[in-house]
Amino acid sequence: MQSRAGGLRISPAIPTVANLALAALWACTALAGWGEQAFCGDIGHREPGCADGFGVAVLASLVLAVPAAAVAVAAWALPRTRRNAARLEAVLTLTALMWVAAEGILFVGGSLAQR
């Protein structure tokens, strides 16, 4: 547990669970077809280029998703980071922001693919 000013303690499990939830959301949106169905519709009613456009968005979001996953795992794997509460919090916050940005790329790319 991390000690904060005023005595408030925040467990590192909270940002870790947030990162896992964001990673699962990204995976379902990008890889499990949620995003393609949301932006392009059902398979029988799709615009021909929409799925390709969303595929480009998935590839673009990988630029942030892969490093986010690697940095989150490294934060827990490296003792120097894991044992320093402030550093662990900073790294996990950075990875959460990377996941949010990767989702943003999927959203913007999906919106553009609809056109």
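Note that the structure is a prediction, hence the values are computed from the model and not measured. (Residues numbered from 1 in each chain as written. Predicted model: local features only at pLDDT ≥ 70, side-chain atom pairs only at ≥ 80, totals over all residues. Heavy atoms only, no water.)

## Examining the packing of aromatic side chains
In step 1: Evaluation of the coordinates by the stated rule reveals three aromatic pairs.
In step 2: Pairwise contacts between aromatic rings join Phe39, Phe54 and Phe107 into one cluster. (Phe/Tyr/Trp six-rings, centres within 6.5 Å; stacked < 30°, edge-to-face > 60°.)

## Re helix α1 (residues 13-30)
In step 1: For α1, spanning 18 residues, the distance from its first C-alpha to its last is 25 Å, which sits close to the expected 26 Å at 1.5 Å a residue.
In step 2: Where α1 is concerned, the buried positions are Pro15, Thr16, Asn19, Leu22, Trp26, Thr29 and Ala30. Along the axis of α1, the buried positions cluster into a sector of 155°, meaning they face one direction only. Residues Ile14, Val17 and Leu20 are exposed on α1 and point more than 90 degrees away from its buried face.
In step 3: Where α1 is buried, its residues contact α2 (34-40), α3 (50-77) and α5 (85-114). (Helix = DSSP H or I, 4+ residues; strand = E, 2+ residues; numbered from the N terminus. Expected span 1.5 Å × (residues − 1). Buried < 20%, exposed > 50% of the residue type's maximum accessible area, 1.4 Å probe, protein only. Arc of directions from axis to C-beta. Contact = heavy atoms within 4.5 Å.)

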